[in-house]
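Structural features, examined
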Amino acid sequence: MARYSAPLQLNYSAEDIQRGVEKAIADASKVLDSVAAQSAPTFANAVAPLAQSYNVFAAATRVLTFLQYVSPSEAVRDASSKADMGFAVERDMHAGAFAAVRAVLNNYDEMSGLDPEDQRLVEHMEKQFRRNGVQLGAEQRQRVSWIDKRVGKLEIDFVRNISQDKSCVLLSCQELDGLPAEFFSNRKVKLSDGIKKLVVATRPADIKLVLQHATSEATRKTAYVAHANRCPENIALLREAVDLRLEKATLLGYASYAEYALEDSMIKTPDAVVEMEMDLVAKLLPLARKEMAQLCALKREEQEAAGLTFTGIYEWDYNRYTAQAAAQQSKLDVGQVKEYFALEMVLPGVLQLYASTLGLNIVEANGCSDVWHPRVQHYRVWEADGSAFIGDVLLDLYERPDKYQEVAVWPIRPGFEREDGSRETPVSALVASFPEPTAAVPHLLSHNSAISLVQALGHIFQNLCAKSKWACCKLPRDYMTISAQMFTQWMWQPAALRTFARHYQTNEPIPEELCARLAAARAPGSALKELRQVFRGLYDIDIHTNGNFDVRSHYNEVAARVALVNNGDADVGKAATLAHLMEGYSGLYASFMLAAMASSDMFESRFATDIASPRAGADFRAEVLQPGGSRDPATSIERFLGRQPTSRAFLTSIGLHPVSHTRDVE
């Protein structure tokens, strides 16, 4: 049984981080040496101690390395970014430990006596040792070790550059004509050539509003180019990482880094990724061209009314005219929709919906633990009947300087079975950078931002509900994305929306008629939107299959060819901020499209008639979430669905109507 978690210690000094990491490394090193010294390795004296050591090491260090993204202290962020820079690489290349694990794997009598989860652990551990190069000669092992450490440093620097980017543009009130009144509230002002101008940060929150609402094309272009050229130094970091990943893959005997990265995924091979993505291009492109023609018509009409000449649709126009197209077809007022998505009201409602669907009880626990910032919200999660404590959730939702800028989740303590049979309960943190609410108006989420929040919470409950014994058996990235994304379908379902979308002034639930218009706005522009995901997946495969591409210009070339992106005469380097390729999704970006298709099918098949079905929720928890990495993810999805997933529900949701031979999502 899981023990109730004591108050959490999640606030550390730079010195605490250094001491904590040093102790964790020393303890783990002793276990490695002890296992390597075994003359007759068994599961009990070799594999289990290694796995328990991994569990304990992760529990001790994950929060220490996480603080680089959220701590208000520069000293803590620096210490966190340097923590565990090399030990994980050295641990995964320990020749003596590898020999012991392989001896167990090759011992038929030993393996046949293990349960399926323990057998999978042995197989996984031996494979990971090989994937890290332990079987290579000494000189090659040393090179792979150096590559892993160097790429780790490049990835940290890449993401930190984005988080700490302070670039901005100065725009006058006239240039910002069309922006909503709240955009101007408490905004800093600077003099530029004797003219008072407003400071507009190039972070996504500010720029998206400018691109959607600014009536001046010149303003939109200025904002877009500034945003698209953030962190130019990251191009060199990405280029070096791509080269080093290819070198490592080649040393390990793979044809490309993409082949290496995809080996442990559900989709398996680069060829399968390209086949899936190009199949989507063929289906989406005809509809996308029709959508683009509609955007052109909207811009032409607007410009002619203003006495301007239409020259085409550019990327800085995309947000504005896609919003107009959706509003035109659905009669949807985006500003009206936001009034029903006050963050402070949506969050508890969505948490309750997750709780009722998955059989949980979520209790606010602010003030009972030492956290890294006073704005962090703390929740504790129990079984609905109170029979067991499940884990802790930390929500760090509001923007501040030098903090990670996107919506993301970190499992800062894994759940696992301790040596005494009790359970270490997981701790997960959700980080976002939503603007702080004002005294007059709470922070009103856009519908898309609310979707991102629901998906991130899906990752949270995936981390909390997994109950495998061993934390080192990680889930493939594509599977993690599938299970986290499924409940974003709630954001289009009136029965779900009316449980948490309430007017921030009257507390009235969102009207059925407005829900219907939201649903009607889903398909317009979807082909263009999804092609943006597809092109990033193809770009990822390209640069991680053939290292000869210019990573900056090739991004723009694939965007134009696949997704109809038109940057006009602007020279932009958006690859410099494609953080997923430097934080776990290198070679795996196609996971997002695979997840979109499979998760749509899973929701449509089991939740379409009852959006919070306790029976379907119990099945989802038991078959998809709870097994964690203890079995093949494809088995988990097939047991939940009763078959393999297909792309039919996804394609229908974006306005395509697949024929009966639509192929399965593989």
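Presented here is an overview of the structure given in this document. (Residues numbered from 1 in each chain as written. Predicted model: local features only at pLDDT ≥ 70, side-chain atom pairs only at ≥ 80, totals over all residues. Heavy atoms only, no water.)

What follows concerns the nonpolar core. Membership of the largest hydrophobic core comes to 147 residues, with the highest contact counts inside it found for Phe341, Leu430, Leu457 and Phe500. Per element, the largest residue contribution to this core is 12 residues, and it comes from helix α13 (residues 270-305). If sequence neighbours within four positions are ignored, Phe500 has contacts with Phe341, Met345, Val346, Gly349, Val350, Leu353 and Met491. One finds Tyr54, Phe87, Val104 and Cys472 within the second-largest nonpolar core, a separate group that totals 31 residues. (Core = buried A, V, L, I, M, F, W, Y, C linked by side-chain atoms within 4.5 Å. Buried < 20%, exposed > 50% of the residue type's maximum accessible area, 1.4 Å probe, protein only. Helix = DSSP H or I, 4+ residues; strand = E, 2+ residues; numbered from the N terminus. Contact = heavy atoms within 4.5 Å.)

Let us now look at the state of the cysteines. Within the structure shown, the criterion is met by zero disulfides. Not part of a disulfide, Cys473 finds its nearest cysteine sulfur in Cys472, a span of 4.8 Å. Taking the relative accessible area as the measure of exposure, Cys473 reaches 9% and is therefore buried. (Disulfide = S-S within 2.5 Å.)

Moving on: the environment of Phe129. Here Phe129 is to be found in helix α7 (residues 116-131). Judged by its relative accessible area of 7%, Phe129 falls in the buried class. Residues Phe129 and Arg91 lie 38 residues apart in sequence; the distance between their C-alpha atoms is 9.1 Å. Setting aside anything within four residues of it in sequence, one finds Phe129 in contact with Arg91, Asp92, Met93, His94, Ala97, Phe98, Val101, Val134 and Gln135.

Packed helices, taken two at a time, are described by the angle their axes make and the gap between the axes. Running from N to C, helix α2 (residues 43-66) and α7 point in directions that differ by 75°, and their axes come no closer than 11 Å. As far as their axial angle goes, α7 and α2 are roughly perpendicular. Contact residues: Phe43, Val47, Leu50 and Ala51 in α2; Asp118, Leu121, Val122 and Met125 in α7. Tallied by class, residues from the contact of α2 with α7 come to seven nonpolar, no polar and one charged. (Axes fitted to C-alpha atoms, helices over the stretch in contact; angles between N-to-C directions. Parallel < 35°, antiparallel > 145°, perpendicular 65-115°, else oblique. Nonpolar A, V, L, I, M, F, W, Y, C, P; charged D, E, K, R; others polar.)

As enumerated under the stated definition, the model contains 27 aromatic pairs in all. For the ring pair Tyr404 and Trp410, a centre distance of 5.1 Å and an interplane angle of 85° mean the geometry is edge-to-face. The exposure class assigned to Tyr404 is buried, which follows from its relative accessible area of 6%. Overall, the relative accessible area of 16% leaves Trp410 in the buried class. Measuring from ring centre to ring centre gives 5.5 Å for Phe620 and Phe640, while their planes differ by 70°; the resulting arrangement is edge-to-face. With a gap of 20 residues between them, Phe620 in helix α24 (residues 614-625) and Phe640 in helix α25 (residues 633-641) connect regions that are remote in the sequence. For the pair Phe620 and Phe640, one class covers both residues: buried. (Phe/Tyr/Trp six-rings, centres within 6.5 Å; stacked < 30°, edge-to-face > 60°.)

Moving on, we get to the sheet that holds strand β5 (residues 377-383). Strand order in the open sheet formed by five strands is β4-β5-β6-β10-β7, and the pairing between neighbours is mixed. The two strands at the open ends of the sheet, each matched to only one other strand, are β4 (360-364) and β7 (408-413). Going across the sheet, the axis of each strand differs from the next one's by a mean of 25°, ignoring polarity. As paired strands, β7 and strand β10 (residues 427-434) are joined by five bridges and run antiparallel to one another. (Pairing = 2+ DSSP bridges.)

Moving on: the environment of Asp165. In this structure, Asp165 sits in the loop between α8 (138-163) and β1 (168-171). Separated by 154 residues in sequence, Asp165 and Asn319 have C-alpha atoms that sit 23 Å apart. Setting aside residues no more than four positions away along its own chain, Asp165 makes contact with Thr202, Arg230, Cys231 and Gln405. Polar side-chain contacts of Asp165 include one of 3.3 Å to the side chain of Thr202. (Polar contact = N/O pair within 3.5 Å; in protein donor to acceptor, adjacent residues only side chain to side chain.)

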